[in-house]
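Analysis of the macromolecular model
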2 protein chains.
Amino acid sequence: MPEITFLPDNITVSLAEGAPLLEGARLAGVFAETPCGGKGTCGKCAARVLSGSVDFRDDRGAAAGGNASAGFFNETGNKAGENSAGRTVLICRTNVKNEPVVVELPKASGEAGKFDAGADVSRCLPESRESFLKSVRLTVAPPAFLDGLSDADRFARAFRETVNLADEKYTDATRMPTERAEVRLPVGVLAELPEKLRAKNGEVTAYYYLDGGLARVVDIDGGTDADGGVAAKNLGVAVDIGTTTVALWVADMDSGAVLASETAYNAQIECGLDVISRINYAGKYRRELKDRVLGTINGLIGKALTSAAHGSGADAALLHSQKDGENPQVKAERFLKRGAIRCASLAGNTTMIHLLLGLVPEYIRLAPYTPAVFELPLCSAGEIGLNINENAPVYIAPAVGSYVGGDITSGALCTGLAGGGETVLFIDIGTNGEILLGNDEFIFGCACSAGPAFEGGGIKCGMRASAGAIERVVIDPMTGAPEIFVIGGSGNGAKPAGICGSGIISIAAELFRTGLIDSAGKFTDRDCAYIVRSGKTAEYRLCEGISVGEPDLDNFIRAKGAVFSACRTIMDSVGMSFADIDRVVIAGGFGRFLNLEDARTVGLLPRLPDGKYEFLGNTSLAGAYLALVSEERRAKENEIARRITYVDLSGEAGYMDNYTAALFLPHTDIELFQ
Amino acid sequence: MPEITFLPDNITVSLAEGAPLLEGARLAGVFAETPCGGKGTCGKCAARVLSGSVDFRDDRGAAAGGNASAGFFNETGNKAGENSAGRTVLICRTNVKNEPVVVELPKASGEAGKFDAGADVSRCLPESRESFLKSVRLTVAPPAFLDGLSDADRFARAFRETVNLADEKYTDATRMPTERAEVRLPVGVLAELPEKLRAKNGEVTAYYYLDGGLARVVDIDGGTDADGGVAAKNLGVAVDIGTTTVALWVADMDSGAVLASETAYNAQIECGLDVISRINYAGKYRRELKDRVLGTINGLIGKALTSAAHGSGADAALLHSQKDGENPQVKAERFLKRGAIRCASLAGNTTMIHLLLGLVPEYIRLAPYTPAVFELPLCSAGEIGLNINENAPVYIAPAVGSYVGGDITSGALCTGLAGGGETVLFIDIGTNGEILLGNDEFIFGCACSAGPAFEGGGIKCGMRASAGAIERVVIDPMTGAPEIFVIGGSGNGAKPAGICGSGIISIAAELFRTGLIDSAGKFTDRDCAYIVRSGKTAEYRLCEGISVGEPDLDNFIRAKGAVFSACRTIMDSVGMSFADIDRVVIAGGFGRFLNLEDARTVGLLPRLPDGKYEFLGNTSLAGAYLALVSEERRAKENEIARRITYVDLSGEAGYMDNYTAALFLPHTDIELFQ
């Protein structure tokens, strides 16, 4: 079978002759975006063949639309024996021949990682930081002849003597006679306890968490390495599970430092772009959806561990401690093991959490819109299927409604809503737009369906906010010529590959400002060399292969209209106007790059003073991190969740009127934007 | 690939040409005893070829000893094309050719099942019976628009309103804010909750257990079948995990009835006959030992469910409820599902429990003989690997010493030691002999290594107490001719296949009574047509292919000497003599067939009045059943476990003297037996 090597990961797999390259990419575990399910229609799996010959084809025809940016759709098939080197192909539509091939995939998540880690979480951290994952150094007495104490008994005695569980509100009266030990050791930890106690003469570190009056041990560790090495780090993982994008941080639980950050598309995308289509899909394939998102998360954890171990994440001490000549892979193994990830904090919307856990999501969609669960107790990673320490407690941010989920309560942790005396409007813009409006007296929450436009979905040349994405455009008012700004474009020389969420906002604003489109988002008659008209359709060309058409603008306007009208409706419901707002906190995958003036021009945001706006990036992820490293923040989040009054927009009389009024650039009520 | 059919289970598998039949038996999941590990040395996997031709061989030579009963060791190999029909072969030494074969394996466990279920447990049952697995009928309110209650919330509310957890000593003050629900639903149960609540308008039965102040839900059931059928039974399983034999009962948790009973050799036997050799084996292959015993238990559960569903177990109502023309297999599925086994109770010696759980057993064997654990809280079946409902609570009988395990505390439940005012000597005779001596004031416990002789191991023609086993022998004092009694021999016409534990006791007693052996267990010079002498060796022939030699008698005498001297030593340690004993309770796989006079003749038991003896069979299993169906019995067992003072015989000065004195028939101190 021919060997296929995938760059930049440099992973080689053997593939049967005639098999699609995509199968090889999956085998190799390398990242290839296939939101269309490998049907050859989205063009997102484009890759360059560096050497070898392949069978590639594009049978979609020119009229099928799709991502023209890759610039390969005019080439169809290749002659026998012809070398394909240098060709860009869709790996889902390309089959291997009986010869080795080297393929280069676009670097997927590097830039996005830095971007997501950019949310400023440090100011939200309380001074005294203690996680729900606790640890304690114990000295366990050696075994003695006929003292009637097993290893577990002596461990439990040392634990009780060292940890004052009375402080933890533990009451011994709740015990049954057979359950006198208030410390619980999972079978897997008990299995190794005899060796661990004897290895260090009873000197061990126990990691545990509290669960309804029980101290549940997660792991036992012999502590510092006998041969002078540094003990494996104690790690935690914070995950934001978005409908479109999954993002995570791996944190050092001792220092609180974020060691690595990774993002990827949620592998459920192939099963539907929004939560409603996912719920429909779950009717038949609930297990598949669970496996897909678990695959995404577990894959990202592996990547994050590798990059953290190689020092690219943050921690200089890690690099510093490398032994002479040590193999980087060995070092990665030594420092950062999946088993050393001993706690996790997840945030996601209500549907995403249902799908992750394999819960029937059907009744989220059907009146009276009742999910299976809002709040979960700490689960174990093994129960969920996270590939970290199987006993690790997993905290899942509580939801408050079918469409205001844990991503929002998590995000609220990063805002003044967590207690600050201000009236705050918190807008999280993703596939769904969720809004919180509140102060110290009340918090109202609602959600609207924005669609994937803000994350690059539903836009012909859309893409995630990663390297190569056009994030901003300036259009010359005279010539209509675009000046484009690409993520990673200046230093790293990334070529434009598509348009991300902030890019589409910028383009729409500039086209509108320059009069190239009207307030309905249609191209005007104004003459411009960059507008390509063909019959009734027209599109604006940004560069070779990347353009924006009216369907893209339509999708965008519906998205921004949904978000803006949701804000307005919830404010109406409490009799407030924008003038009453002290602060507007914007979150979302595009947040850091969002140009405020552009957002006001298109009517996504109202015309308030610049100083009232704050952009926090992925607050769901940042909040998950805060709950991970601080038990006090976790308690705060649950308090916020209980305070939120959920408003169902479909039941609010004014919502449809507000929405219709917002389907213009910027709005029918022009006063809001002046 | 040729198809191989195994009778009596009538399971057909495809096997590669040249593969051993044993591999086919494993593939088919049929029972084949291979204590020698498939080396062709034990002869226990003998089977009859009913049709087809196979390659069989016996390259051990006549001098290798082993089970001559099968009578096939003179036939070696077969000619090409020769039909093997009618031949008895060792399936471990027989390879398939390229043609279909039908093989009949001996029926393994039918009789043994009845035997094990024979222990009289009903008298030990308390009048008020409530298991640690509890159930409650709930009416859960329907979902309501914007009431802020998820399915889990409404379920928890109904649960709290119906079950008074205050009665269960539950204190709400121990709760953390995020863990306000004192009812815990595993993710797997939560997953189906939406459908279950809606299927019956909120009428459900919840199965749960209490765990440190939490009510943990095991399963939720819609109750009676809408189409008029009978709901699946609520089942539990009690298991005795012996070093040699695993036995289990499946019980109807509603009526307490034992629906089925199964036994099999512990598949760990191939890895060593006694606990010490198992512990040594675990040094390298701990995982394998765990998998082997789990395989045995899970296999027996499947068999028990099938036989119970087909009514062979007990329950007439099951048969009665069969729908017209319903396929028996469908019926089995409908009534008795692994998922409906919602609780389990396990008893085993300390080493067996360590190996089942995968715990390092090494320090049981090494001074100061400290096991990893004596008492375990309730675990889940999923955590252990039992193939029943994954959330089922599993109770494991507590151990009190490295060699006085949960099998003994479990057995003690069936004796007066559970409170009755008498002084009781409890002897459990298995691979290990364990002894309890106690009354209402004290209980002392100790253990000795008897070896597998009492379970048919270490005896050339030994076998388990199942169909075909010689359980009793009467020898004509004049001619020395044996009259043999075979399990299943009268009505079912089972042919003698080997000698079980009670058989070897009977044979030794009769040989000694008739003067054919002396008090050291050696054959005398007495002339007898049934004694076959060959050089320095001699053996007594019971029938074609079954005989007893001096090595067998040696093994037996060491076994009985170990048990008797252990009894004596523990009585010495508290200054008691046999005259002080009110009752002697005998347990063990052979118990029901043990002839008291024979046992006294060989010096296994002292010469006390018949009325003081009681035979209870497998008390470990019976006790596991009692703890399964009665929470009060479970609490009692834990009380007993705490009261037992463990005596280490290796530290008792008199034990070796007592042991040496007991290596005679009946004993050097003849007064004890007169």
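Parameters at a glance
Residues numbered from 1 in each chain as written. Chains lettered and ligands numbered in written order. Predicted model: local features only at pLDDT ≥ 70, side-chain atom pairs only at ≥ 80, totals over all residues. Heavy atoms only, no water. Helix = DSSP H or I, 4+ residues; strand = E, 2+ residues; numbered from the N terminus. Buried < 20%, exposed > 50% of the residue type's maximum accessible area, 1.4 Å probe, protein only. Contact = heavy atoms within 4.5 Å. Areas by Shrake-Rupley, 256 points an atom, 1.4 Å probe, with all protein chains shown as cover. Pairing = 2+ DSSP bridges. Axes fitted to C-alpha atoms, helices over the stretch in contact; angles between N-to-C directions. Expected span 1.5 Å × (residues − 1). Parallel < 35°, antiparallel > 145°, perpendicular 65-115°, else oblique. Nonpolar A, V, L, I, M, F, W, Y, C, P; charged D, E, K, R; others polar. Least-squares fit on C-alpha atoms with pLDDT ≥ 70 in both. Phe/Tyr/Trp six-rings, centres within 6.5 Å; stacked < 30°, edge-to-face > 60°. Salt bridge = Lys/Arg side-chain N within 4 Å of Asp/Glu carboxyl O. Polar contact = N/O pair within 3.5 Å; in protein donor to acceptor, adjacent residues only side chain to side chain. Left-handed = near helix turned anticlockwise from the far one by under 90°. pLDDT = per-residue confidence, 0-100.

Overview of the overall build of chain A
Tallying secondary structure elements over chain A gives 17 helices and 29 strands in all. Taken across its 674 residues, chain A has 60% of its residues classed as buried. In chain A, the proportion of contacts linking residues at least 24 apart, taken out of those at least 6 apart, comes to 68%. For chain A, the accessible area works out to roughly 24,600 Å², and carbon and sulfur atoms hold 50% of it.

A few points about the sheet that holds strand 10 (residues 203-211) of chain B
All names here are of chain B. With mixed pairing, 4 strands are arranged side by side in an open sheet as 8-10-11-9. Two strands bound the open sheet, and with one partner strand each, they are strand 8 (134-139) and strand 9 (183-184). In the sheet, strand 10 pairs with strand 11 (residues 214-221) via 7 bridges, with the strands oriented antiparallel. What sits directly across from Thr205, in strand 11, is Asp221. Relative to the sheet, helix 3 (residues 151-162) contacts strand 8, strand 9, strand 10 and strand 11, its axis offset from that of strand 8 by approximately 115°.

Details of the pairing of strand 18 (residues 424-429) of chain B
All names here are of chain B. Counting buried positions along strand 18 yields 6 of 6 residues, so the element is predominantly enclosed. Side chains Val424, Phe426 and Asp428 of strand 18 all project onto a buried face; the interleaved residues Leu425, Ile427 and Ile429 project onto the opposite face, where all are buried too. Relative to strand 19 (residues 432-438), strand 18 runs antiparallel, the two sharing 6 bridges. Paired with Phe426 across the two strands is Leu436, which belongs to strand 19. Counting the residues in the hairpin turn of strand 18 and strand 19 gives 2 residues. Inspection of the sheet shows strand 18 paired to strand 27 (residues 583-588) by 6 bridges, in the parallel sense. Bridged to Asp428 within strand 27 is Ala587.

Some points on helix 16 (residues 631-643) of chain A
All names here are of chain A. The end-to-end C-alpha separation of helix 16 is 19 Å, in line with the 18 Å expected for 13 residues at 1.5 Å each. Every buried residue of helix 16 is listed here: Glu631, Arg633, Arg634, Lys636, Glu637, Asn638, Ile640 and Ala641. Those residues of helix 16 that are buried are in contact with strand 17 (393-396), helix 11 (406-412), strand 20 (443-449), helix 15 (619-629) and strand 29 (644-646).

As for the packing of helix 3 (residues 151-162) of chain A against helix 4 (residues 187-199) of chain A
Residues and elements named next belong to chain A. Across the interface, helix 3 lies against helix 4 with an axial gap of 10 Å and an inter-helix angle of 70°. Judged by the inter-axis angle, helix 3 sits roughly perpendicular to helix 4. On helix 4, the residues that touch Asp151, Ala152, Arg154 and Phe155 of helix 3 are Leu190, Leu193, Pro194, Leu197 and Arg198. A class-by-class count of the residues in the contact of helix 3 with helix 4 yields 6 nonpolar, no polar and 3 charged.

Thoughts on the sheet that holds strand 21 (residues 469-475) of chain B
Residues and elements named next belong to chain B. Spatially, 3 strands are ordered 22-21-23 in an open sheet, and the strand pairing comes out mixed. Among the strands making up the open sheet, the edge pair consists of strand 22 (482-486) and strand 23 (498-499). Summarising the sheet, strand 21 and strand 22 pair through 5 bridges and their orientation is antiparallel. Within strand 22, the residue paired with Arg472 across the bridge is Phe485.

What to know about helix 13 (residues 550-573) of chain B
For helix 13 of chain B, with 24 residues, the first-to-last C-alpha span of 34 Å sits near the 34 Å given by 1.5 Å per residue. Backbone geometry just downstream of helix 13 of chain B places B:Gly575 in the positive-phi region, at approximately 65°.

Re the relation of the copies chain A and chain B
For the pair chain A and chain B, the relating rotation is 180°, the translation along its axis is 0.1 Å, and the fit reaches an RMSD of 0.1 Å. Such a turn and shift between the copies fits a two-fold axis. The share of interface residues of chain A whose copies in chain B are also at the interface is 100%, consistent with both copies meeting through the same surface.

Topic: the packing of aromatic side chains
All names here are of chain A. In the structure shown here, the tally under the stated rule is 24 aromatic pairs over all chains. With a centroid separation of 5.4 Å and an interplanar angle of 70°, the aromatic rings of Trp249 and Tyr625 are classed as edge-to-face. On the criterion of sequence distance, the pair formed by Trp249 in strand 13 (residues 245-252) and Tyr625 in helix 15 is long-range, its members being 376 residues apart. On the basis of relative accessibility, which here comes to 3%, the residue Tyr625 falls in the buried class. With 6.3 Å between their ring centres and 20° between their planes, Tyr655 and Tyr659 make a pair best called stacked. Residue Tyr655 and its partner Tyr659 are both found in helix 17 (residues 655-661); the two are separated by 4 residues, about one turn of the helix. Accessibility assignment for this pair places Tyr655 and Tyr659 in one class, buried.

Notes on the interface of chain A and chain B
The parts lose accessible area when they come together, and the size of an interface is often stated as this lost area. Listed as interface residues are 61 residues of chain A and, on the opposing side, 61 residues of chain B. On inspection of chain A and its partner chain B, the count reaches 6 salt bridges. Residue B:Glu192 is joined to A:Arg286 by a salt bridge in which the shortest nitrogen-to-oxygen separation is 3.3 Å. Our enumeration of links across chain A and chain B arrives at 19 residue pairs in polar contact (both at pLDDT 80 or more). Looking at the side of chain A that touches chain B, the elements that each hand over two or more residues are helix 3, helix 4, strand 10 (203-211), strand 11 (214-221) and helix 16 of chain A. Here the side of chain A that touches chain B is composed, by residue class, of 31 nonpolar, 10 polar and 20 charged.

What about the pairing of strand 1 (residues 3-7) of chain B?
Both strand 1 of chain B and strand 2 (residues 11-14) of chain B contribute to a ladder of 4 bridges, which runs antiparallel. Directly across from B:Glu3, in strand 2 of chain B, lies its bridge partner B:Ser14.

Here's the deal with the environment of B:Tyr369
By the element assignment, B:Tyr369 lies in the loop between helix 9 (362-365) and strand 16 (379-380). When sequence neighbours within four positions are dropped, the list of residues in contact with B:Tyr369 reads A:Phe145, B:Tyr363, B:Ile364 and B:Ser402.

Some details on the pattern of salt bridges
Tallied over the full model, the rule gives 62 salt bridges over all chains. Residues A:Arg600 and A:Asp610 are paired through a salt bridge, measuring 2.6 Å at the closest nitrogen-oxygen approach. Residue A:Arg600 is located in helix 14 (residues 596-602), and its partner A:Asp610 is located in the loop between helix 14 and strand 28 (613-617); the two are separated by 10 residues in the primary sequence. Its relative accessible area of 5% is what places A:Arg600 among the buried residues. When the shortest N-O distance is used, the salt bridge between B:Asp219 and B:Lys196 registers 3.9 Å. One end of the pair, B:Asp219, is in strand 11; the other, B:Lys196, is in helix 4 (residues 187-199), with 23 residues separating them in the sequence. Judged by its relative accessible area of 13%, B:Asp219 falls in the buried class. With relative accessibility at 29%, the residue B:Lys196 sits in the partly exposed group. Overlapping salt bridges bring together A:Arg184, A:Asp211, A:Arg216, B:Arg184, B:Asp211 and B:Arg216 as one network.

Side note on the packing of helix 5 (residues 275-309) of chain B against helix 8 (residues 350-357) of chain B
All names here are of chain B. Contact geometry of helix 5 with helix 8 gives a least axis separation of 7 Å together with a crossing angle of 65°. Relative to helix 8, helix 5 is oriented roughly perpendicular. When the axes of helix 5 and helix 8 are compared, the crossing they make is right-handed. Contacts between helix 5 and helix 8 involve Val275, Arg278, Ile279, Ala282, Leu289, Lys290, Val293, Leu294 and Ile297 from the former and Thr351, Met352, Leu355, Leu356 and Leu357 from the latter.

A short note on the environment of A:Glu544
Residues and elements named next belong to chain A. Examined against the element boundaries, Glu544 turns out to sit in the loop between strand 25 (537-543) and strand 26 (546-549). Overall, the relative accessible area of 67% leaves Glu544 in the exposed class. Here the alpha-carbon distance between Glu544 and Pro143, two residues 401 residues apart in the chain, equals 75 Å.

Focus on the side chain of A:Thr245
All names here are of chain A. Relative to the helices and strands, Thr245 is located in strand 13. Here the side chain of Thr245 touches Glu455 through a polar contact of 3.3 Å, side chain to side chain. Contacts of Thr245, omitting those with residues within four sequence positions, involve Asp240, Thr263, Ala264, Tyr265, Asn266, Glu455 and Arg464.

A look at the confidence of the model for chain A
Close inspection of predicted coordinates is inappropriate in any region flagged by low pLDDT. All names here are of chain A. The share of residues in chain A with pLDDT of 70 or more is 80%, and the mean pLDDT across the chain is 82. Put simply, helix 2 (residues 110-116) is where chain A has its lowest mean pLDDT, 33, and strand 17 is where it has its highest, 98. The model gives residues 59-81 a pLDDT under 50, and that stretch makes 45 contacts with residues more than four places away or in other chains. When the criterion is pLDDT under 50, residues 167-181 qualifies, and its contacts beyond four places in sequence or with other chains add up to 38 contacts. Of the two predicted TM-score estimates for the complex, the pTM is 0.77 and the ipTM is 0.77.

A few points about unusual backbone geometry
Between B:Ala367 and the following residue, B:Pro368, the backbone shows a cis peptide bond with an omega angle of 0°. Mapped onto the elements of the fold, B:Pro368 is located in the loop between helix 9 and strand 16. The backbone phi angle of A:Tyr369 is positive, close to 60°, even though this residue is not glycine. What makes A:Tyr369 partly exposed here is its relative accessible area of 28%. At B:Asn201, a position not held by glycine, the phi torsion is positive, near 50°. Mapped onto the fold, B:Asn201 is located in the loop between helix 4 and strand 10.

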